[in-house]
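Structure at a glance
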Amino acid sequence: MGLQARPRRRSGHEEIGERTRSASEGAAWATDTTTTKEAHRVSVVMLFVDVPILDPLLSIAITLWVAWNAAKNLKRTGTVFLQAVPEDVELDSLRALVLQVDGVIGLKHLHVWSQEGEHHVLTGHLVVEDSTLEHAEVIRNQVRELLHEAGIEHTTLEVTSHSEGPGPECPS
(Lines give C-alpha, C1' and ligand atoms only; values in the text may rest on other atoms or scores of the structure.)
Protein backbone atom coordinates (compact mmCIF):
# COMPACT_ATOMS: atom_id res chain seq x y z
CA MET A 1 0.00 0.00 0.00
CA GLY A 2 1.55 3.25 -1.14
CA LEU A 3 1.24 6.64 0.39
CA GLN A 4 -1.24 8.92 -1.30
CA ALA A 5 -0.97 12.68 -1.13
CA ARG A 6 -4.18 14.17 0.13
CA PRO A 7 -4.92 17.84 0.08
CA ARG A 8 -4.63 19.29 3.53
CA ARG A 9 -7.65 21.09 4.83
CA ARG A 10 -7.15 24.22 6.85
CA SER A 11 -9.79 26.40 8.28
CA GLY A 12 -11.10 28.60 5.46
CA HIS A 13 -8.62 27.29 2.87
CA GLU A 14 -8.89 24.82 -0.01
CA GLU A 15 -6.27 23.16 -2.16
CA ILE A 16 -6.57 24.26 -5.79
CA GLY A 17 -4.00 22.59 -8.00
CA GLU A 18 -0.59 23.41 -6.52
CA ARG A 19 -1.67 26.62 -4.80
CA THR A 20 -3.53 27.16 -1.55
CA ARG A 21 -6.05 29.99 -1.70
CA SER A 22 -8.43 31.40 0.81
CA ALA A 23 -11.97 32.03 -0.42
CA SER A 24 -11.64 35.62 0.77
CA GLU A 25 -8.00 36.20 -0.13
CA GLY A 26 -7.24 39.89 -0.20
CA ALA A 27 -10.56 40.83 1.37
CA ALA A 28 -9.04 41.09 4.83
CA TRP A 29 -7.08 44.14 3.68
CA ALA A 30 -10.10 45.92 2.30
CA THR A 31 -12.28 47.97 4.59
CA ASP A 32 -14.43 49.50 1.91
CA THR A 33 -17.48 47.40 1.04
CA THR A 34 -16.99 47.93 -2.68
CA THR A 35 -13.42 46.66 -2.50
CA THR A 36 -14.54 43.74 -0.32
CA LYS A 37 -17.22 42.78 -2.84
CA GLU A 38 -14.69 42.91 -5.66
CA ALA A 39 -12.30 40.74 -3.66
CA HIS A 40 -15.03 38.18 -3.11
CA ARG A 41 -15.92 38.16 -6.80
CA VAL A 42 -12.29 37.64 -7.78
CA SER A 43 -11.93 34.87 -5.19
CA VAL A 44 -14.99 33.06 -6.51
CA VAL A 45 -13.73 33.35 -10.09
CA MET A 46 -10.33 32.00 -9.00
CA LEU A 47 -12.01 28.94 -7.47
CA PHE A 48 -13.30 27.87 -10.88
CA VAL A 49 -10.94 29.43 -13.41
CA ASP A 50 -7.16 29.46 -13.28
CA VAL A 51 -6.45 33.15 -13.99
CA PRO A 52 -3.42 33.90 -11.83
CA ILE A 53 -3.22 37.57 -12.88
CA LEU A 54 -6.41 38.39 -10.93
CA ASP A 55 -4.75 37.98 -7.55
CA PRO A 56 -1.92 40.52 -8.11
CA LEU A 57 -4.30 42.92 -9.85
CA LEU A 58 -6.62 42.83 -6.86
CA SER A 59 -3.65 43.33 -4.52
CA ILE A 60 -2.54 46.37 -6.52
CA ALA A 61 -6.08 47.78 -6.54
CA ILE A 62 -6.38 47.41 -2.76
CA THR A 63 -2.93 48.96 -2.26
CA LEU A 64 -3.87 51.94 -4.42
CA TRP A 65 -7.15 52.36 -2.54
CA VAL A 66 -5.36 52.34 0.84
CA ALA A 67 -2.68 54.75 -0.44
CA TRP A 68 -5.34 57.14 -1.83
CA ASN A 69 -7.18 57.27 1.50
CA ALA A 70 -3.94 57.68 3.45
CA ALA A 71 -2.92 60.60 1.23
CA LYS A 72 -6.32 62.26 1.72
CA ASN A 73 -5.85 62.17 5.49
CA LEU A 74 -2.19 63.20 5.45
CA LYS A 75 -2.92 66.92 5.04
CA ARG A 76 -5.44 66.95 7.87
CA THR A 77 -3.06 65.04 10.13
CA GLY A 78 -0.22 67.43 9.25
CA THR A 79 -2.26 70.49 10.20
CA VAL A 80 -3.05 68.93 13.57
CA PHE A 81 0.62 68.08 14.23
CA LEU A 82 1.76 71.54 13.15
CA GLN A 83 -1.05 73.19 15.17
CA ALA A 84 -2.29 75.12 12.18
CA VAL A 85 -5.60 76.96 12.19
CA PRO A 86 -8.32 74.39 11.47
CA GLU A 87 -9.96 74.64 8.04
CA ASP A 88 -13.42 75.21 9.51
CA VAL A 89 -12.31 78.19 11.63
CA GLU A 90 -12.25 81.77 10.34
CA LEU A 91 -10.07 83.95 12.57
CA ASP A 92 -11.61 87.19 11.29
CA SER A 93 -15.15 86.00 12.04
CA LEU A 94 -14.13 84.89 15.56
CA ARG A 95 -12.50 88.27 16.16
CA ALA A 96 -15.64 90.08 14.92
CA LEU A 97 -17.80 87.87 17.14
CA VAL A 98 -15.75 88.72 20.23
CA LEU A 99 -15.70 92.44 19.44
CA GLN A 100 -19.52 92.47 19.53
CA VAL A 101 -19.48 91.82 23.29
CA ASP A 102 -20.15 94.99 25.30
CA GLY A 103 -17.00 96.18 27.03
CA VAL A 104 -14.53 94.49 24.63
CA ILE A 105 -12.20 96.93 22.89
CA GLY A 106 -9.85 94.50 21.18
CA LEU A 107 -8.61 90.96 20.79
CA LYS A 108 -4.89 90.49 20.16
CA HIS A 109 -2.55 87.54 19.96
CA LEU A 110 -5.36 85.34 18.66
CA HIS A 111 -4.25 81.75 18.10
CA VAL A 112 -6.53 78.82 17.27
CA TRP A 113 -5.51 75.22 16.74
CA SER A 114 -6.98 71.77 17.03
CA GLN A 115 -6.00 69.15 19.57
CA GLU A 116 -6.92 66.15 17.42
CA GLY A 117 -8.90 67.56 14.52
CA GLU A 118 -12.24 67.95 16.26
CA HIS A 119 -11.78 69.95 19.48
CA HIS A 120 -10.46 73.46 18.91
CA VAL A 121 -8.45 75.56 21.35
CA LEU A 122 -8.15 79.35 21.39
CA THR A 123 -5.73 81.62 23.21
CA GLY A 124 -5.81 85.37 23.06
CA HIS A 125 -5.34 88.71 24.75
CA LEU A 126 -8.65 90.40 25.48
CA VAL A 127 -8.59 94.19 25.94
CA VAL A 128 -11.61 95.52 27.84
CA GLU A 129 -12.80 98.96 28.85
CA ASP A 130 -11.55 100.32 32.15
CA SER A 131 -13.55 98.46 34.77
CA THR A 132 -13.29 96.49 37.96
CA LEU A 133 -11.77 93.06 38.09
CA GLU A 134 -15.22 91.53 38.66
CA HIS A 135 -16.64 93.24 35.58
CA ALA A 136 -13.64 92.11 33.48
CA GLU A 137 -14.29 88.55 34.68
CA VAL A 138 -17.94 88.80 33.59
CA ILE A 139 -16.84 90.01 30.15
CA ARG A 140 -14.32 87.18 29.84
CA ASN A 141 -16.99 84.60 30.73
CA GLN A 142 -19.35 86.10 28.13
CA VAL A 143 -16.62 85.83 25.51
CA ARG A 144 -15.83 82.23 26.52
CA GLU A 145 -19.51 81.28 26.27
CA LEU A 146 -19.80 82.93 22.86
CA LEU A 147 -16.67 81.16 21.59
CA HIS A 148 -17.92 77.84 22.95
CA GLU A 149 -21.13 78.28 20.95
CA ALA A 150 -18.95 78.98 17.89
CA GLY A 151 -17.23 75.58 18.28
CA ILE A 152 -14.19 76.44 20.40
CA GLU A 153 -13.89 73.79 23.13
CA HIS A 154 -11.24 75.44 25.32
CA THR A 155 -10.43 79.13 25.63
CA THR A 156 -7.58 80.81 27.48
CA LEU A 157 -7.87 84.60 27.56
CA GLU A 158 -5.57 87.09 29.19
CA VAL A 159 -7.62 90.15 30.13
CA THR A 160 -6.20 93.65 30.43
CA SER A 161 -7.91 96.98 30.65
CA HIS A 162 -7.51 99.67 28.04
CA SER A 163 -5.70 101.93 30.51
CA GLU A 164 -2.88 99.38 30.97
CA GLY A 165 -1.58 100.22 27.50
CA PRO A 166 -1.43 98.40 24.24
CA GLY A 167 1.10 95.78 25.30
CA PRO A 168 3.45 94.00 22.90
CA GLU A 169 2.24 93.63 19.34
CA CYS A 170 1.72 90.30 17.65
CA PRO A 171 1.27 89.78 13.91
CA SER A 172 -1.92 87.75 14.41
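Just so we're clear, the structure is a prediction, and the values are computed from it rather than from any experiment.

What counts, and at which threshold
- Residues numbered from 1 in each chain as written.
- Predicted model: local features only at pLDDT ≥ 70, side-chain atom pairs only at ≥ 80, totals over all residues.
- Heavy atoms only, no water.
- Helix = DSSP H or I, 4+ residues; strand = E, 2+ residues; numbered from the N terminus.
- Expected span 1.5 Å × (residues − 1).
- Buried < 20%, exposed > 50% of the residue type's maximum accessible area, 1.4 Å probe, protein only.
- Arc of directions from axis to C-beta.
- Contact = heavy atoms within 4.5 Å.
- Patch = residues over 30% accessible without salt bridge, like charges linked within 9 Å, V, L, I, M, F, W, Y side chains within 5 Å.
- Areas by Shrake-Rupley, 256 points an atom, 1.4 Å probe, with all protein chains shown as cover.
- Salt bridge = Lys/Arg side-chain N within 4 Å of Asp/Glu carboxyl O.

**A look at helix H4 (residues 133-149)**
- For H4, with 17 residues, the first-to-last C-alpha span of 24 Å sits near the 24 Å given by 1.5 Å per residue.
- All of the buried residues along H4 are Ala-136, Ile-139, Arg-140, Val-143 and Leu-147. One face of H4 carries all of its buried residues, which in axial projection span an arc of 100°. Facing away from the buried side of H4, by more than 90 degrees, are the exposed residues Glu-134 and Glu-149.
- Positive phi shows up at Gly-151, right after H4, with a value of about 100°.

**What to know about the environment of Ala-84**
- Structurally, Ala-84 can be placed in the loop between helix H2 (54-81) and helix H3 (91-99).
- Using a relative accessible area of 31% as the deciding quantity, one classes Ala-84 as partly exposed.
- Taking the C-alpha atoms as reference points, Ala-84 and Trp-113, separated by 29 residues in sequence, lie 5.6 Å from one another.
- Not counting residues within four places of it along the chain, the set of residues in contact with Ala-84 comprises Thr-79, Val-112, Trp-113 and Ser-114.

**Some remarks on the environment of Gly-106**
- If you trace the backbone, Gly-106 turns up in strand E3 (residues 104-114).
- Here Gly-106 falls in the buried class, since its relative accessible area comes to 15%.
- Considered as a pair, Gly-106 and Ser-161 are 55 residues apart in the sequence and their alpha carbons are 10.0 Å apart.
- The contact partners of Gly-106, leaving out residues within four places of it in the chain, are Leu-99, His-125, Leu-126 and Val-127.

**Some thoughts on a nonpolar patch on the surface**
- There is a patch of nonpolar side chains on the surface, built from Val-44, Val-45, Leu-47, Phe-48 and Val-49 and spanning about 450 Å² of accessible area.
- Tracing the sequence through the fold places Phe-48 in helix H1 (residues 33-48).
- On the accessibility criterion, Phe-48 (71% relative accessible area) is exposed.

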